[in-house]
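Descriptive structure summary
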Amino acid sequence: MDKKLLTICSLFGLTAILALAHLLVTTTAQAGPVGSVVSNRDFSVVTGKSSNGTDSIYILDNRRSLVAVFQYDVAAKIIKPQVVRPLSEVLSGR
């Protein structure tokens, strides 16, 4: 019985430690301000307001040099793709 009791007590102690760690260390997702940028080697993502006032997401594919624009449609409550263009075309203003 001593071995079983030791195992039960050890598991109970470990459970208590894990439960306490779960309560103390919480992570929350936070939205960044408009104009926030997330970037890595292949993609860059920027949030912003479009000319019509809706929220937009701009995604730059660094490998292919393409820019994609997505806008949130308030009425349909979905994100709709608007345009995908080469970066050189976007920067030249065409």
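Residues numbered from 1 in each chain as written. Predicted model: local features only at pLDDT ≥ 70, side-chain atom pairs only at ≥ 80, totals over all residues. Heavy atoms only, no water.

1. Structural notes on the overall build of the protein
This is how the line gets drawn: Helix and strand assignments come from DSSP, with helices taken as H or I runs of at least 4 residues and strands as E runs of at least 2, each series counted from the N terminus. In this scheme, a residue with accessible area under 20% of its type's maximum is buried, one over 50% is exposed, and one in between is partly exposed, where area comes from a 1.4 Å probe on protein chains only. Any two residues having at least one pair of non-hydrogen atoms within 4.5 Å are treated as being in contact.
Scanning the protein for helices and strands turns up 2 helices and 5 strands. Each helix (α) and strand (β) of the protein, taken in turn from the N terminus, gives the series α-β-β-β-β-β-α. The proportion of buried residues among the 94 residues of the protein is 10%. Look at the contacts in the protein between residues 6 or more apart in sequence, and 1% of them connect residues 24 or more apart.

2. Side note on a nonpolar patch on the surface
To keep it simple, the criterion reads: Patch building starts from residues that exceed 30% relative accessible area and form no salt bridge, then joins like charges within 9 Å and nonpolar side chains (Val, Leu, Ile, Met, Phe, Trp, Tyr) within 5 Å. Each accessible area value is a Shrake-Rupley result obtained with a 1.4 Å probe; residue values ignore everything except the protein chains displayed when judging cover. Every case where a carboxyl oxygen of Asp or Glu lies within 4 Å of a side-chain nitrogen of Lys or Arg is listed as a salt bridge.
Together, Leu-20, Leu-24 and Val-25 line one region of the surface with nonpolar side chains, adding up to about 340 Å² of accessible area. Its place among the elements puts Leu-20 in helix H1 (residues 2–24).

3. Here's the deal with H1
Selection criterion: To estimate the expected span of a helix, subtract one from its residue number and multiply by 1.5 Å.
Between its first and last C-alpha, H1 extends 33 Å over 23 residues, near the 33 Å set by a 1.5 Å rise per residue. Burial analysis of H1 places just 0 of its 23 residues in the buried class, which makes it a mostly uncovered element.

4. Details of the side chain of Gln-71
The cut-off we apply is this: For the purposes of these results, a polar contact is taken to be a pair of N or O atoms within 3.5 Å, where, inside protein, one atom must be able to donate a hydrogen and its partner to accept one; residues adjacent in sequence count only when each atom of the pair is a side-chain atom.
Take Gln-71: it is sitting in strand S4 (residues 66–73). For Gln-71, the side chain forms a polar contact with the side chain of Ser-50, separated by 3.2 Å. If sequence neighbours within four positions are ignored, Gln-71 has contacts with Ser-50, Asn-52, Thr-54, Asp-55, Ser-56, Ile-78, Ile-79, Lys-80 and Gln-82.

5. Observations regarding the pattern of salt bridges
Scanning the entire structure with this criterion turns up 5 salt bridges. Asp-61 serves as the salt-bridge partner of Arg-64, at 3.2 Å between the closest nitrogen and oxygen. Judged by its relative accessible area of 63%, Arg-64 is exposed. Here Asp-73 makes a salt bridge to Lys-80, at a shortest N to O gap of 2.9 Å. A relative accessible area of 35% means that Lys-80 is categorised as partly exposed.

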